[in-house]
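Residues per chain are reported as follows:
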2 protein chains.
Amino acid sequence: MVKRQLLLLSSSRVHGYGFLDYASNDICNILTDNNVSSVLFIPYAKRNHDEYLRLAEKPFKKWGFNITSIHTQNPHKAIQEAEAIFVGGGNTFRLLKTLYDLDLVKTINRRVLEEGVPYIGTSAGSNVATRSIHTTNDMPIVWPPTLSALNLVPFNINPHFVDSPKDSTHMGETREDRILEYHEEPDSSTVLGLREGATLYVKDNQAIIKGICGARLYIRNEKPKDIKVGSDVSYLLQ
Amino acid sequence: MVKRQLLLLSSSRVHGYGFLDYASNDICNILTDNNVSSVLFIPYAKRNHDEYLRLAEKPFKKWGFNITSIHTQNPHKAIQEAEAIFVGGGNTFRLLKTLYDLDLVKTINRRVLEEGVPYIGTSAGSNVATRSIHTTNDMPIVWPPTLSALNLVPFNINPHFVDSPKDSTHMGETREDRILEYHEEPDSSTVLGLREGATLYVKDNQAIIKGICGARLYIRNEKPKDIKVGSDVSYLLQ
C-alpha cells in the first residue's frame, strides 16, 4: 500500500495574504498529526539559500516548529533523518537539476512513499513532487538530466494556474493553450491546474482539493473541468 | 566575414493585425532583395503541419511568393536547396527537438551563416535562431537533447515580451523576474525581449530593431533598458 502525506500548494503567496498564511491550518495539521517537531527545508529553487531560509523559517517558527535547511548539512543524511520536508518555490528546472546533481531524487521518493514522511511543496516544490515538470511555467534557465520528477503522484501539476483572460490584446498562448499543447503529445499526463490559493492534500490513496480557491483539471482527450475546494480527486491517484 | 540576413519577429500576430501583416514590408523587402521566388516553410513548432501550411501560405502567396513546406519533402534536400527559410511559431521545445531529431541544425546554420540564405522566424522560430532557448516562454512539453539552438546570433531572444503589469494580483513571476532569474546563472547570455510587434533585422554584422513596437534589453549585471524602433543594436552581435 502506498503510504504518503502530501500538501502541494499552488503558490506560497496569495494576494492579500502573507507568506504561506492562507495554508497555515493545513500545514500545521499535517505536521502536528505526525508529531513533527522539526522541518527540513529545501531551498534549491532559488539561488540564495541563506536568504530563502530566513524567509521560510519565520512562519514555521511562529507556528512552533523548528526548521533547518538542507544546504547547511549533509544533504543525504538530512533527507534520511527528516521528520518532514518542505520544498520552496522558485525555478523548477533549477530545483530538479539540483536534486539530480545531489542524487536525492530516489531517497526523497523512498522516504515519502515508503516511510510516510510528510512532504509540503509550494509552486516549484509542487511541480517536482509530480510525475514530471513538463507543465511548469518557468523558464528553462538550466538543464536537468530529465524532466521526470519525484513521482509522488502519477499526474502533473500546473501551479499558479490562471484562467484565460477575456479581451486580452496579448497574442501569446494562454495557460490553457499551453496545457492543451502538452496534451498533443502522446505520452502526456493528466494536468491539475492549481489556481493561486488552491492546494492538493494527499493522504495515502485519498486526494482532496483544499485551500481557498479551486482547480482546473485537464485529462487528455476530455473537456477541461473546474474542481471546487473540498472535492475528492482520489481517482487521479489510480 | 559573417554573411547573414535575418528577420526575427516577436510574434506572427499583433492585436489589430492579420497573420504576419505588421511585418509585411520587411518580409517582402528581405525576399525581394535576394531575388527569392520560393520560401521554404518549417512548421515543426506545431503538431498539425498541413493545417499550419494552409495558414502560412496565404500571406506569402498574396505577396507574390511561392511557399513549400519541409514536411512534404526530403528535409535535408529542402534545406540544401532553399532560397529562403521561414520558421513559424508554436512550441519552441518541440521545434528544436524536431530540428535535432532530423539532424538539421548544422545544415541550417551553415546555409544561413555561410551562404547568406535569408532566415525569417517568428516567436518559436525566432527563439531557435539564437544562441539557446533558455528564455522561451513555452512549456517543456517535449525534451530536446540540448537547449543550444541555431546560434545565428550570439545572444538570446524572449519573444512576446510583456512589461510587468502594475497592480496585478497574480503572484507568479513577471517576465522581467524570469529573465533576471536566468541571469543569476553564470554562463547566461544577453536577452533581447521583443515586445509583440517588435522585430530584429540582421544583415551581416548590422542589427536594427524594426516593426511597430520596441524591445527591452537585458545584459547580465547591467540595468535593463528599453530600445526604440529604429535603434541600431549591432553591438549585440560582437
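In what follows, the structure referred to is the one given above.
Notes on the structure follow. Model, not experiment: these values are computed from the prediction. By convention here, each chain's residues receive numbers from 1 onward along its written sequence. Key to labels: chains lettered from A, ligands numbered from 1, both in the order written. Local features in this predicted model are restricted to residues whose pLDDT is 70 or higher, and side-chain atom pairs enter the listing and the counts only when it is 80 or higher, whereas totals over whole chains, interfaces and linings include all residues. Excluded from the side-chain calculation are hydrogens and water; included are all heavy atoms of the structure.

We now examine the overall build of chain A. Secondary structure counts use DSSP, requiring at least four H or I residues in a row for a helix and at least two E residues in a row for a strand, with both numbered from the N terminus. The helix and strand inventory of chain A stands at seven helices and eleven strands. Relative to its length of 238 residues, chain A is compact, with a C-alpha radius of gyration of 17 Å against a globular reference of 18 Å. Viewed in the frame of its principal axes, chain A has a C-alpha envelope of about 45 × 40 × 35 Å. Here chain A holds 238 residues, and the buried ones make up 59% of them. The contact rule is simple, with two residues in contact once any of their heavy atoms fall within 4.5 Å. Within chain A, contacts between residues separated by at least 24 positions form 70% of all contacts whose residues are at least 6 apart in sequence. Here chain A displays about 9,600 Å² of accessible surface, and carbon together with sulfur accounts for 45% of that area. Note on charges: Lys and Arg go in the positive column, Asp and Glu in the negative column, and His and the chain ends are not counted at all. A charge is said to be at NZ when it belongs to Lys, at CZ for Arg, at CG for Asp and at CD for Glu. Charged side chains of chain A number 27 positive and 27 negative; the gap between the two group centres comes to 3 Å. To get the radius of gyration, use the C-alpha atoms; to get the globule rule, take the number of residues to the power 0.38 and multiply by 2.2 Å. Categorising residues by exposure relies on relative accessible area from a 1.4 Å probe, with only protein chains included: less than 20% of the type maximum marks a residue as buried, more than 50% marks it as exposed, and the intermediate range marks it as partly exposed. Accessibility throughout is a Shrake-Rupley quantity obtained with a 1.4 Å probe, and a residue counts as covered only by protein chains that appear here.

All names here are of chain B. By secondary structure assignment, the location of threonine 146 is in the loop between helix H6 (124-127) and strand E6 (156-161). Along the chain, threonine 146 and leucine 192 lie 46 residues apart, while their C-alpha atoms are 21 Å from each other. In terms of polar contacts, threonine 146 uses its side chain to reach the backbone amide nitrogen of serine 148, at 2.9 Å. We define a polar contact as two N or O atoms separated by no more than 3.5 Å, with the added condition that, inside protein, one atom must be a possible hydrogen donor and the other a possible acceptor, whereas residues neighbouring each other in sequence contribute only through side-chain atom pairs.

Okay, the packing of aromatic side chains next. Residues and elements named next belong to chain B. Pairing of aromatic rings covers Phe, Tyr and the six-membered ring of Trp, with a centre-to-centre limit of 6.5 Å; geometry is then stacked below 30 degrees between planes, edge-to-face above 60, and tilted otherwise. Counted according to the given criterion, the structure contains 13 aromatic pairs over all chains. For the pair phenylalanine 41 and tyrosine 52, a centre-to-centre distance of 5.1 Å together with 75 degrees between the ring planes defines the contact as edge-to-face. With phenylalanine 41 in strand E2 (residues 38-42) and tyrosine 52 in helix H2 (residues 49-62), this residue pair connects regions lying eleven residues apart in the sequence. A relative accessible area of 0% means that phenylalanine 41 is categorised as buried. Relative accessible area serves as the criterion here: at 4%, tyrosine 52 is assigned to the buried category. Judged by centre distance (5.3 Å) and plane angle (70 degrees), the rings of phenylalanine 60 and tryptophan 63 are edge-to-face. Considered together, phenylalanine 60 and tryptophan 63 belong to a single accessibility category, that of buried residues.

Looking at the secondary structure, you find B:His134 in the loop between H6 and E6. You can call B:His134 buried: its relative accessible area is 16%.

Now for the interface of chain B and chain A. At the junction of the two partners, chain B supplies 40 residues and chain A supplies 40 residues. Salt bridge criterion: a side-chain nitrogen from Lys or Arg within 4 Å of a carboxyl oxygen from Asp or Glu. The interface formed by chain B and chain A holds eight salt bridges in total. Across the pair B:Arg47 and A:Glu185 runs a salt bridge, and its minimum N-O distance is 3.5 Å. For the pair chain B and chain A, the interface holds 18 residue pairs in polar contact (both at pLDDT 80 or more). Contributions of two or more residues to the side of chain B that touches chain A are made by helix H4 (92-101), E6 and helix H7 (175-182) of chain B. The biggest single contributor to the side of chain B that touches chain A is H7(B), with five residues. For the side of chain B that touches chain A, the per-class residue count stands at 16 nonpolar, 13 polar and eleven charged. Classification convention: Asp, Glu, Lys, Arg as charged; Ala, Val, Leu, Ile, Met, Phe, Trp, Tyr, Cys, Pro as nonpolar; all other residues, Gly among them, as polar.

Okay, the sheet that holds strand E10 (residues 215-218) of chain B next. All names here are of chain B. Reading across from one edge, E6-E7-E10-E11 is the order of the four strands in this open sheet, with mixed pairing throughout. Looking at strand neighbours, the two that pair on one side only are E6 and strand E11 (225-227), the edges of this open sheet. Adjacent strand axes in the sheet meet at a mean angle of 25 degrees when their direction is disregarded. Paired strands, in this sense, are two strands between which DSSP finds at least two bridges. Note: E10 against E11, three bridges, orientation antiparallel. If you follow leucine 217 over to E11, its bridge partner there is lysine 225. Packing against the sheet, H7 makes contact with E6, strand E7 (191-195) and E10, and its axis sits at approximately 170 degrees to E6. Here, axes are lines fitted to C-alpha atoms. For helices the fit covers the stretch in contact, and angles between N-to-C directions go from 0 to 180 degrees.

A few words now on the nonpolar core. Here, the term nonpolar core denotes a set of buried Ala, Val, Leu, Ile, Met, Phe, Trp, Tyr and Cys residues that are joined through side-chain atoms within 4.5 Å. Grouped together as the largest cluster of nonpolar side chains are 56 residues, with contacts concentrated most on B:Ile42, B:Ile108, B:Tyr119, B:Leu192 and B:Leu200. Apart from residues lying up to four places away in sequence, B:Leu192 is in contact with B:Phe155, B:Asn156, B:Ile157, B:Asn158, B:Leu200, B:Ile209, B:Ala215, B:Arg216, B:Leu217 and B:Leu236. Core analysis: the second largest hydrophobic core is formed by 55 residues, A:Ile42, A:Ala45, A:Ala82 and A:Val112 among them.

Residue and element names in this part refer to chain A. Residues other than glycine seldom take positive phi values, yet asparagine 35 does so here, at roughly 55 degrees. Tracing the sequence through the fold places asparagine 35 in the loop between helix H1 (24-33) and strand E2 (38-42). On the basis of relative accessible area, asparagine 35 is assigned to the exposed category, the value being 68%. A positive phi angle is found at serine 123, which is not glycine, with a value near 55 degrees.

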